[in-house]
Amino acid sequence: MTKIEICDTTLRDGEQTPGVHFGISQKLDIALRLEAMGVDVIEAGFPAASEGDFEAVRRVAGAVKNSVVCGLARCTKSDIDACAGALAHAAHPRIHIFIATSDIHLEHKLHIDRAEALRRIAENTAYAASLFEEVQFSAEDATRTDRDFLVKAVSCAIENGATIINIPDTVGYTTPEEFFAILSRLRHVIPAFDEGRVMLGVHCHNDLGLATANNLSAISAGAAHVECTVNGLGERAGNAPLEELVMALAVRRDAMGDGVQTGIRTWEITATSRLVASLSGVPVSPNKAIVGTNAFTHASGIHQHGVMQNRQTYEIMAPEDIGLTANTIQLGKLSGRHAFADRVRQMGYSFGEDGIDATFARFKEIADRKAVITDDDIRAILSEYLDSLEGRYRLSTFQIQSGNHIKAMALVTLADNLSLVSGEDGQIQPRQITEAAPGEGPVDAAFNAIGRIAGAENIELKSYEIRAITEGTDALGEAIVKISAGTSLFTGRGVSTDIIKASIKAYLNAINKWDKARERTAPAQTEL
Ligand code: KIV
Ligand code: ZN
């Protein structure tokens, strides 16, 4: 039986999805969920990228006990030192260093030749190995790297102390057959893999929609470490989705040679997918394999008839295998704090007592207006609370005037947590800032007023969507807003039974992320 090490990089590569920025408490919740799902390695971030990233990796490293916690570093001493600092208290730390090895990256991105790349690999792998027992080396853009040079780069990393070699298909370019050949050749010419001294790993992107197929092919070629993200989040078309690989291995055990298995508790997949969709603001497409809402829905009469006779006619796995079960206890306005807290924990959130108090109050407020509160409603309440912990500005009040004969006008007051003043009662409190602004409609006017308060003149609204989370006229409305500043994109989400309020909260959430990014003092050249 071969056990595949699953490395989840939702918190690092997944966060490179355009518009996605996880706050520290969000990262902690996702990390603990991944640990509960049985992920072997959690790549928690890129500590040298910013103070926020460093702190997030440090906090995840402190909280996670069973999974290995990994930090990413370029082949530079300062990046490696940042990883060592952030992972100092991890129960099982690992460093992941990388450098590009393809000529196109060496020439046009790094402006160095192959000899210099080898020198940097040797020097920095050795340095990383002096600080960490587990050193993973990635040859970025490996699948477009000259095959002989790839062997040299990988051998150099192994000679200098790498214990895991990762072969990324950085631009999602390879095919299953080609990838099989690349990996087989490495195994053939570098004995350390088959001698069990070094683990062979892969990291696939999905630009041609081949990431899962390439991962399966890599496993057939002897890869024992596979990197994925939940829901396939990641740069461009994303990374290989964790749920697809894990379920392909579970359902098609028969097709995978001598029994390949993972340590993933598959019944935790649905809760994890929903948590990540909610915290990232990137919804899962309905026809997404394994976790899409249609994955177990049968529309045609012939299919429905077949499933009623025997589910296996049209289902290759049971909904329960991925934890898709209906909750039998419905929560509503009569539910107590205990039942609410239980449901929150079942749904995979690790809220402390303060978090439960705050979200329970919001739950009660909504339950007064809505007969039944579904899990989707609760998820929206929890996500909104987690978002609010990160933000500089909080909504205090708003008033909108609009109609078919007058121009819409909004008056918005925000509390600025970074500017504290002494209140009438002598208590220190956030300064309240009020602005009025006109707009094309009520939402536009409110966004303009918020923009004035936050000094967000150069912000462009890229998209604005509103949808009902559940059915019925009392449904919670969820607004998703994307704003851009220069080349950066920020996604905000807001939830309310009032769609104007949901829109204001979503815009404010995006503005808070933009404001945080603006304040960050990132060292130069941290782009991957
Ligand atoms: O896609 C890639 O090459 C990466 C590396 C940093 C491993 O994400
Ligand atoms: Zn990647």
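Residues numbered from 1 in each chain as written. Chains lettered and ligands numbered in written order. Predicted model: local features only at pLDDT ≥ 70, side-chain atom pairs only at ≥ 80, totals over all residues. Heavy atoms only, no water.

**Observations concerning the overall build of the protein chain**
Line of reasoning, step 1. For the protein chain, the count of helices and strands is 17 helices and 17 strands.
Line of reasoning, step 2. By the compact-globule yardstick of 24 Å for 528 residues, the protein chain fits well, its C-alpha radius of gyration being 25 Å.
Line of reasoning, step 3. Summarising its shape, the C-alpha atoms of the protein chain cover approximately 75 × 60 × 40 Å along the three principal directions.
Line of reasoning, step 4. The 528 residues of the protein chain split such that 53% are buried.
Line of reasoning, step 5. Nonlocal contacts in the protein chain, meaning residues at least 24 apart in sequence, comprise 67% of its contacts between residues at least 6 apart. (Helix = DSSP H or I, 4+ residues; strand = E, 2+ residues; numbered from the N terminus. Rg over C-alpha atoms; globule rule 2.2 N^0.38 Å. Buried < 20%, exposed > 50% of the residue type's maximum accessible area, 1.4 Å probe, protein only. Contact = heavy atoms within 4.5 Å.)

**Quick notes on the packing of helix α11 (residues 269-280) against helix α15 (residues 375-390)**
Line of reasoning, step 1. Between α11 and α15, the shortest axis-to-axis distance is 9 Å and the interhelical angle comes to 50 degrees. With respect to each other, α11 and α15 are oriented oblique. At the point where α11 passes α15, the crossing takes the right-handed sense. Contact with α11, carried on its side by Arg-274, Ser-278 and Leu-279, involves Arg-379, Ser-383 and Leu-386 of α15 and no other residues of that element.
Line of reasoning, step 2. Each residue belonging to the contact of α11 with α15 can be placed in one class, and the counts come to 2 nonpolar, 2 polar and 2 charged. (Axes fitted to C-alpha atoms, helices over the stretch in contact; angles between N-to-C directions. Parallel < 35°, antiparallel > 145°, perpendicular 65-115°, else oblique. Left-handed = near helix turned anticlockwise from the far one by under 90°. Nonpolar A, V, L, I, M, F, W, Y, C, P; charged D, E, K, R; others polar.)

**Notes on unusual backbone geometry**
Line of reasoning, step 1. With phi around 55 degrees, His-111 is a residue other than glycine that occupies positive phi space.
Line of reasoning, step 2. By secondary structure assignment, the location of His-111 is in the loop between α4 (103-110) and α5 (114-131).
Line of reasoning, step 3. The class for His-111 is exposed, based on a relative accessible area of 61%.
Line of reasoning, step 4. Here Asn-231, not a glycine, exhibits a phi torsion of approximately 65 degrees, which is positive.
Line of reasoning, step 5. Assignment of secondary structure puts Asn-231 in the loop between β8 (225-228) and α10 (242-251).

**Topic: the site of ligand 1**
Line of reasoning, step 1. Every residue close to ligand 1 is listed here: Arg-12, Asp-13, His-96, Phe-98, Ser-138, Glu-140, Pro-168, Thr-170, His-203 and His-205.
Line of reasoning, step 2. In the model, an oxygen atom of ligand 1 is placed 3.0 Å from a nitrogen or oxygen of the Arg-12 side chain.
Line of reasoning, step 3. Residue His-203 places a side-chain N or O atom 3.1 Å away from an oxygen atom belonging to ligand 1.
Line of reasoning, step 4. In terms of residue class, the shell around ligand 1 is made up of 2 nonpolar, 5 polar and 3 charged. (Near = heavy atom within 4 Å. Polar contact = N/O pair within 3.5 Å; in protein donor to acceptor, adjacent residues only side chain to side chain.)

**Considering the coordination of the zinc ion (ligand 2)**
Line of reasoning, step 1. Within the first shell, the zinc ion (ligand 2) binds the protein through Asp-13 (OD), His-203 (NE2) and His-205 (NE2), at distances of 2.0 to 2.1 Å.
Line of reasoning, step 2. If you list the donors of the zinc ion (ligand 2) from N- to C-terminus, the spacing comes out as D-x189-H-x1-H. A residue pair is termed long-range when its members are at least 10 positions apart, and Asp-13 in the loop between β1 (2-8) and α1 (24-37) and His-203 in strand β7 (residues 199-204) qualify at 190 residues.
Line of reasoning, step 3. On the accessibility criterion, Asp-13 (3% relative accessible area) is buried.
Line of reasoning, step 4. Look at His-203 and you get buried, because its relative accessible area is 5%. (Donors = N, O, S within 2.8 Å, 3.2 Å for Na, K, Ca; no water.)

**A look at the pairing of strand β6 (residues 164-169)**
Working note: regular strand, side chains alternate between the two faces of the sheet.
Line of reasoning, step 1. Of all the 6 residues making up β6, 6 are buried; the element is thus mostly covered by neighbouring parts of the structure.
Line of reasoning, step 2. Of the two faces of β6, the one carrying Ile-164, Asn-166 and Pro-168 and the one carrying Ile-165, Ile-167 and Asp-169 are both buried.
Line of reasoning, step 3. Taken together, the 3 bridges between strand β5 (residues 135-140) and β6 define a ladder with parallel strand orientation. Each bridged residue has a counterpart across the sheet, and for Gln-136 the counterpart in β6 is Ile-164.
Line of reasoning, step 4. Chirality of the crossover, the property in question, places the unit of β5, helix α6 (residues 147-159) and β6 among those that are right-handed.
Line of reasoning, step 5. Pairing between β6 and β7: 6 bridges, direction parallel. (Pairing = 2+ DSSP bridges. Right-handed = clockwise from strand over helix to strand, strands pointing away.)

**Some points on the sheet that holds strand β15 (residues 460-468)**
Line of reasoning, step 1. Strand order in the open sheet made by the 3 strands is β15-β16-β17, with antiparallel pairing throughout. Of all the strands in the sheet, just β15 and β17 (488-496) have a single pairing partner and so form its edges. The mean inter-strand angle of the sheet, taken between neighbouring strand axes irrespective of direction, is 15 degrees.
Line of reasoning, step 2. Inspection of the sheet shows strand β16 (residues 477-485) paired to β17 by 9 bridges, in the antiparallel sense. Paired with Ala-485 across the two strands is Ser-488, which belongs to β17.

**Quick word on the pattern of salt bridges**
Line of reasoning, step 1. In total, this model carries 37 salt bridges according to the counting rule given.
Line of reasoning, step 2. With a shortest N-O distance of 2.9 Å, Arg-343 and Asp-375 are connected by a salt bridge. On the criterion of sequence distance, the pair formed by Arg-343 in helix α13 (residues 337-346) and Asp-375 in helix α15 is long-range, its members being 32 residues apart.
Line of reasoning, step 3. Where salt bridges share partners, they join Glu-116, Arg-119, Arg-120 and Glu-123 into one cluster. (Salt bridge = Lys/Arg side-chain N within 4 Å of Asp/Glu carboxyl O.)

**Remarks on the confidence of the model for the protein chain**
Line of reasoning, step 1. Here the protein chain averages 91 in pLDDT, and 96% of its residues register 70 or above.
Line of reasoning, step 2. Across residues 521-526, confidence stays below pLDDT 50; counting only partners more than four residues off in sequence or on other chains, it has 10 contacts. (pLDDT = per-residue confidence, 0-100.)

**Thoughts on the side chain of Thr-170**
Line of reasoning, step 1. Along the polypeptide, Thr-170 turns up in the loop between β6 and α7 (176-189).
Line of reasoning, step 2. One polar contact links the side chain of Thr-170 to the main-chain amide nitrogen of Asp-141, over a distance of 2.7 Å.
Line of reasoning, step 3. If we ignore the near neighbours within four places in the chain, the residues touching Thr-170 are Glu-140, Asp-141, His-205 and Arg-236.

**Examining helix α3 (residues 77-86)**
Note that an α-helix has 3.6 residues per turn; residues three or four places apart therefore point the same way.
Line of reasoning, step 1. Those residues of α3 that sit buried are Asp-79, Ile-80, Ala-82, Cys-83 and Ala-86. All buried residues of α3 project into a common sector of 155 degrees when viewed along the axis, lining one side. (Arc of directions from axis to C-beta.)

**Here's the deal with empty space enclosed by the protein**
Line of reasoning, step 1. For the coordinates displayed, the defined rule picks out 1 cavity of 30 Å³ or more.
Line of reasoning, step 2. Quantified by volume, the largest cavity comes out at close to 30 Å³.
Line of reasoning, step 3. Looking at the largest cavity, the residues that line it are Met-37, Val-230, Leu-242, Glu-243, Ile-269, Thr-272, Ser-273 and Val-291.
Line of reasoning, step 4. With 3 residues, α11 is the single largest residue contributor to the lining of the largest cavity.
Line of reasoning, step 5. When grouped by side-chain class, the residues that make up the lining of the largest cavity number 5 nonpolar, 2 polar and 1 charged. (1 Å grid on protein atoms, 1.4 Å probe; cavity = no way out; pocket = protein on both sides within 12 Å on 5 of 7 lines; lining within 4 Å. Points joined across faces, edges and corners; volume = space filled by probe spheres on them.)

**Some remarks on the packing of aromatic side chains**
Line of reasoning, step 1. Counted by the stated rule, this structure contains 7 aromatic pairs.
Line of reasoning, step 2. Their ring planes at 20 degrees and their centres at 5.8 Å tell us that Phe-360 and Phe-363 sit as a pair that is stacked. Of the two residues, Phe-360 and Phe-363 both sit in helix α14 (residues 353-367), 3 residues apart, roughly one turn of that helix. Judged on exposure class, the residue Phe-360 and its partner Phe-363 are both buried.
Line of reasoning, step 3. Each ring, one from Phe-447 and one from Tyr-507, has its centre 4.1 Å from the other, and the planes form 5 degrees; the classification is stacked. With a gap of 60 residues between them, Phe-447 in helix α16 (residues 442-454) and Tyr-507 in helix α17 (residues 499-519) connect regions that are remote in the sequence. For the pair Phe-447 and Tyr-507, a shared accessibility class is recorded, and that class is buried.
Line of reasoning, step 4. One aromatic cluster is present, built from ring pairs that chain together Phe-340, Phe-360 and Phe-363. (Phe/Tyr/Trp six-rings, centres within 6.5 Å; stacked < 30°, edge-to-face > 60°.)

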